[in-house]
Amino acid sequence: MKNKTITALLGPTNTGKTFLAIETLLSFNSGMIGFPLRLLAREVYDKIIKKCDPSSVALITGEEKIIPSGAKYYLCTVESMPIDKKLEFVAIDEIQMCGDHERGHIFTDRLLNLRGEKQTMFMGSHTMKNVLSNLNDKIEFVNKARYSKLSYSGHKKISRIERKSAIIAFSTEDVYAIAELLRRQKGGCAIVMGSLSPKTRNSQVSLYQSGDVDYLVATDAIGMGINMDLNNVYFSNLRKFDGKKLRKLNISEIGQIAGRAGRYMNDGNFGVTGEVQNINPEEIELIENHKFEMINKIYWRNSELDFRNTNSLINSLEEKPGKDWLKRIYECEDEKVLKYLINNENEITVKNDGKNLKLLWECCQIPDFVKKSYGKHLEIVKKIYLFLSKNSGKIPNSYFKEQLKPLDKIEGNVDSISNRIANVRIWSYVANKSNWVQNNDYWIERTKHIEDKLSDRLHEELTKTFIDKRASVLAKGLKQDIAFETEIINNKKVKINDQFIGNLNGLKLELDLKVDALDADIKSLKKASRQSVMPEILKRINQIINTNLIEIKKDFKIYWNNSPIAKLQRGKDYLSPEIELIMDDMIEIKERNRLKVFLEKWIKDKIDTELESLIKLKNLNENNSEIRALAYNLYENNGVVKREKVKIILDKLGQDERKILRATGVKFGRYHIFLYKLFKPSSVSLRIMLWKNFYQKYYDLNPPIFGLNFFENKNNSNKDFMLLCGFENFENIFVRIDILERLFIMIMNSDKKNSENQKEIKLIPEMLNLLGCNKESFIKLLKLMNYKIYEKDKNILFKYSPVKKSSRKNKNISNFADSPFSKLTQLNIK
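In what follows, the accompanying structure is described.

Concerning the overall build of the chain
Counting secondary structure elements, the chain contains 28 helices and 35 strands. Considering the chain as a whole, with its 830 residues, one finds that 52% of them fall into the buried category. Restricting the contact set of the chain to residue pairs at least 6 apart, pairs at least 24 apart contribute 68%. Within the structure as shown, the chain displays about 40,200 Å² of accessible surface, and the carbon and sulfur contribution to it stands at 47%.

As structure tokens, this is what we get:
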């Protein structure tokens, strides 16, 4: 490029214009580039200080100034470019911003009035070629072709949008709404908005670039030179509010944003999503081929203002351009504030002289980053002007401290933190104005510190709000085939790469699925857990088989380390239950079968040991029909049957047959036939559980507390179930069957002694001890058993009183009518 020339680098996005400008800047001894965004200026500054001595590079934006004394290269926002410096090279990026209705006049002023001593460069869209040709200078046009192809991909639902995509929205509310949807459907996204501080924006971009998230939600700020590794750009809206009205995006604006898809040699795609209708074919062709309507007029405002008095100042601001390709910009915010303060003398008193009017105009140019309360912004402008126009000419430390105090807080949600950052940016701008503030350097550092602190907090809050960290970490690990670090805390809580994914209960991983978890999250969790948790489950299977430290509980489940690993299911009979494993489905069939075989043998051995007499009875191989009949009745009734129900069978059994049955554990009681070895607590628990499991009933009933021989229950417990448990019922009194037999023997023996010797026998305490009840309960039981109670010489006597079957109080024990105990029995119960 020749010296003292003006070069226009024109072309669509992804043509390397900014890169070439940076290289050209560094080829000169001094130079400056003006950018449309603060964060873009900061991005290029960070790149350049890595290439050359940082002490030779300056950054100048409204809210941030880094100006070393030996600075040669200046990276600035267009508004902050120092126009009085003599530099070899000057460049303006995104020069088509001259057509912006809010800031266009600033770009136009730099276009018309700022030149490098050796080289001037304008970078931007082809649409500016006609305007640039109108300049009096000789211009060398360099057309830059896009490195990659840009294609239209149509409409897609957000749930179907591919990774490495950006979704564009035009309001903070829409950005947040889409980000929340992506969090639920895709695990999260990063956010880029022009209002973000550089620190927050860089942190969010790093999330995306590092692969922690695959999606980006951004405003149209992404179209201004922000380069990211994007394959796709989708528009959630094709209309935006431009500060005055809601309008449709023009084709060049769509193309500028869409062009961010496909960086360097990688092709890119753009499309629409949500409720946006498809772009028509003619517009698609124009965007794909980067053929946009030419800009023939740009916005202008007179920059040579007349500060002699208020009238001359207003008149100079309202001056019309002298060229037909320039058009007067609408009233900007600074102009509105100025006119308001001048026209409302009750608001502020302004001396009508050049010095004070220049000062007032500077104050009116304080940007309103908050843009929520126009009145509040006016108050700030007035207050600062009053301070600066006083004798001291400085904003006092006390006032600055007072303004920053409520902003120096990190509590709150995304909106409240964002609002604080916007307010801090105003005071950062003020602090960076030369000679406006006492202790200028201190307040520059102070506002930067608060903004950085709030920016970090905002990044954390954005990440927490719009990124499912767990889904993000797992997805990144699976994509990049990274080995996960798995930690199992207290043999239960599972963490993968420090993210809690669920609890490993026994052999089953119970994933921590959120209420709104979708298939993508579940699949990532399952895939990651298969890689990380399966070895631990296989290890546990080996421990179970080798240590045999398992138990079965009343919920029909087999437990290891207090966690269920299998449960019983109905088998061919109640002593032959099926085993169903409680195991994660990630385990292969071979390992599942190995554990199942082990558990089947374990439960069979347990049944064979605990219920040996019942097994013997079941397997009794006798031809005698009475033996088989009684064995069947006992087996079907879980080892307990009332004598009256098998009376016909008993009448036909001889002593030899009874001897065979006794050998299996059968006890022939006076009122019950039962397997006496089944009354141990462990045996009762097991056989009742097996019975429930097979017959699928009595789930809500449990055997009495072990150790009880006698108890009263006013709730009328299920009599059939209690008989299975080995308890006979007398209305609301229950007595263990084997204890009932011993009681009858005790009564019979005491009765014999009383027949031979009429002396008082002290057996009542032994009876009470046997039953484990008090005197009143025992007397109640005797009455229910058809005994009459007498009192003689302070002794309690009882005598059996047979009754007719129709009036018998206890219908459960019919054989009481045949009781041989008819003599008066006298016992001392003191």
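Details of the pairing of strand 3 (residues 57-60)
The side chains of a regular strand alternate, residue by residue, between the two faces of the sheet. Neither face of strand 3 is left uncovered, since the one carrying Val 57 and Leu 59 and the one carrying Ala 58 and Ile 60 both have all their residues buried. In this structure, strand 3 lies alongside strand 5 (residues 73-77), joined through four bridges in parallel fashion. If you follow Ala 58 over to strand 5, its bridge partner there is Tyr 74. Hairpin connection of strand 3 to strand 4 (residues 65-66): four residues between the antiparallel strands.

A closer look at the packing of aromatic side chains
For the structure shown, the criterion picks out 19 aromatic pairs. Plain terms: the ring middles of Tyr 152 and Phe 270 are 5.2 Å apart, the flat faces sit at 55° to each other, and that makes the pair tilted. Note that Tyr 152 is positioned in strand 9 (residues 150-155) and Phe 270 in strand 16 (residues 268-272), a separation of 118 residues in sequence. By relative accessible area, which is 18% here, Tyr 152 ends up buried. When the ring of Tyr 574 is compared with that of Trp 691, the centres are 5.2 Å apart and the planes differ by 70°; the resulting orientation is edge-to-face. Within this pair, whereas Tyr 574 is found in the loop between strand 25 (563-569) and strand 26 (578-581), its partner Trp 691 is found in helix 24 (residues 681-695), the two being separated by 117 residues in sequence. With a relative accessible area of 8%, Trp 691 lands in the buried category.

So, the side chain of Ser 125
In this structure, Ser 125 sits in the loop between strand 7 (119-124) and helix 4 (129-133). Owing to a relative accessible area of 11%, Ser 125 belongs among the buried residues under this scheme. For Ser 125, the contacting residues outside a window of four places in its chain are Leu 10, Gly 11 and Gln 96.

Some remarks on helix 2 (residues 38-48)
With nine of 11 residues buried, helix 2 lies mostly within the body of the structure. For helix 2, the set of buried residues is Arg 38, Leu 39, Leu 40, Ala 41, Arg 42, Glu 43, Val 44, Tyr 45 and Ile 48.

Examining helix 19 (residues 589-610)
For an α-helix, the turn length of 3.6 residues means that residues three or four places apart are oriented alike. When the terminal C-alpha atoms of helix 19 are compared, their 31 Å separation across 22 residues agrees well with the 32 Å that a helix rising 1.5 Å per residue should span. For helix 19, the set of buried residues is Glu 591, Leu 595, Phe 598, Leu 599, Trp 602, Ile 603, Ile 607 and Glu 610. For helix 19, the arc enclosing every buried residue in end-on projection is 165°, short of the 170-degree limit, so these residues lie on one face. Facing away from the buried side of helix 19 by over 90 degrees, the exposed positions are Ile 589, Lys 590, Val 597 and Lys 601.

Observations concerning the packing of helix 9 (residues 310-317) against helix 10 (residues 333-343)
The contact between helix 9 and helix 10 brings their axes to 12 Å, and the two run at 155°. One way to sum up the angle between helix 9 and helix 10 is to call them roughly antiparallel. Relative to helix 10, helix 9 is oriented so that their crossing is left-handed. Contacts between helix 9 and helix 10 involve Thr 310, Leu 313, Ile 314 and Leu 317 from the first element and Glu 335, Leu 338, Lys 339 and Ile 342 from the second. For the contact of helix 9 with helix 10, the class distribution of residues is five nonpolar, one polar and two charged.

Things to note about the environment of Lys 677
Assignment of secondary structure puts Lys 677 in the loop between strand 29 (672-675) and helix 24. Among the residues examined, Lys 677 registers a relative accessible area of 44% and is labelled partly exposed. Residue contacts for Lys 677: discarding those within four places in its chain leaves Ser 613 and Ser 683.

A look at the side chain of Thr 463
As for its placement among the helices and strands, Thr 463 is situated in helix 15 (residues 440-466). Among the polar contacts made by the side chain of Thr 463, one reaches the main-chain carbonyl oxygen of His 459 at a distance of 2.7 Å. Excluding residues within four positions of it along the chain, Thr 463 makes contact with Gln 204 and Leu 207.

Observations regarding the pattern of salt bridges
Taken as a whole, this structure holds 46 salt bridges when the rule is applied. Residue Arg 328 is joined to Glu 335 by a salt bridge in which the shortest nitrogen-to-oxygen separation is 2.8 Å. Residue Glu 335 is classed as buried on the basis of its relative accessible area, which comes to 0%. Between Lys 453 and Asp 408 there is a salt bridge, with its nearest N and O atoms 2.6 Å apart. Residue Lys 453 is found in helix 15, and its partner Asp 408 is found in the loop between helix 13 (397-404) and helix 14 (414-431); the two are separated by 45 residues along the sequence. Residues joined by salt bridges that share partners form a network here, namely Arg 301, Glu 318, Arg 328, Glu 331, Asp 334, Glu 335 and Lys 339.

Focus on the nonpolar core
Core analysis: the largest hydrophobic core is formed by 67 residues, its most contacted members being Ile 550, Ile 558, Leu 575, Leu 595, Leu 599, Leu 630 and Ile 673. Residue contributions to this core peak at seven residues, all from helix 24. Setting aside residues up to four positions removed in sequence, Leu 599 forms contacts with Ile 550, Ile 558, Ile 565, Ala 566, Ile 579 and Leu 581. Core analysis: the second largest hydrophobic core is formed by 64 residues, Tyr 234, Val 337, Ile 417 and Ile 426 among them.

Looking at a nonpolar patch on the surface
On the surface, Tyr 147, Tyr 264 and Met 265 cluster together into a nonpolar patch covering about 340 Å² of accessible area. For Tyr 264, the location among the structural elements is in the loop between helix 7 (251-258) and strand 16.

Some thoughts on the sheet that holds strand 22 (residues 508-511)
In spatial order, the strands read 19-20-21-22; together these four strands make up an open sheet with antiparallel pairing. For this open sheet the edge positions go to strand 19 (486-489) and strand 22, each flanked by a neighbour on one side alone. Geometrically, the sheet is characterised by an average inter-axis angle of 30° between neighbouring strands, direction not taken into account.

Side note on the sheet that holds strand 28 (residues 666-668)
Strand pairing within a sheet occurs via backbone hydrogen bonds; the two strands may be parallel or antiparallel. An order of 27-29-28 is seen for the three strands of this open sheet, with the pairing classed as antiparallel. Unpaired on one side and paired on the other, strand 27 (640-642) and strand 28 mark the two borders of the sheet. Averaged over all adjacent pairs, the angle separating strand axes in this sheet is 15°, with direction ignored. Note: strand 27 against strand 29, three bridges, orientation antiparallel. Among the inter-strand pairings, Val 640 is bridged to a residue of strand 29, identified as Phe 674. Contacts from helix 21 (residues 625-636) reach strand 27, strand 28 and strand 29, with the element oriented near 75° to strand 29.

Basis of the calculations
Residues numbered from 1 in each chain as written. Predicted model: local features only at pLDDT ≥ 70, side-chain atom pairs only at ≥ 80, totals over all residues. Heavy atoms only, no water. Helix = DSSP H or I, 4+ residues; strand = E, 2+ residues; numbered from the N terminus. Buried < 20%, exposed > 50% of the residue type's maximum accessible area, 1.4 Å probe, protein only. Contact = heavy atoms within 4.5 Å. Areas by Shrake-Rupley, 256 points an atom, 1.4 Å probe, with all protein chains shown as cover. Pairing = 2+ DSSP bridges. Phe/Tyr/Trp six-rings, centres within 6.5 Å; stacked < 30°, edge-to-face > 60°. Expected span 1.5 Å × (residues − 1). Arc of directions from axis to C-beta. Axes fitted to C-alpha atoms, helices over the stretch in contact; angles between N-to-C directions. Parallel < 35°, antiparallel > 145°, perpendicular 65-115°, else oblique. Left-handed = near helix turned anticlockwise from the far one by under 90°. Nonpolar A, V, L, I, M, F, W, Y, C, P; charged D, E, K, R; others polar. Polar contact = N/O pair within 3.5 Å; in protein donor to acceptor, adjacent residues only side chain to side chain. Salt bridge = Lys/Arg side-chain N within 4 Å of Asp/Glu carboxyl O. Core = buried A, V, L, I, M, F, W, Y, C linked by side-chain atoms within 4.5 Å. Patch = residues over 30% accessible without salt bridge, like charges linked within 9 Å, V, L, I, M, F, W, Y side chains within 5 Å.

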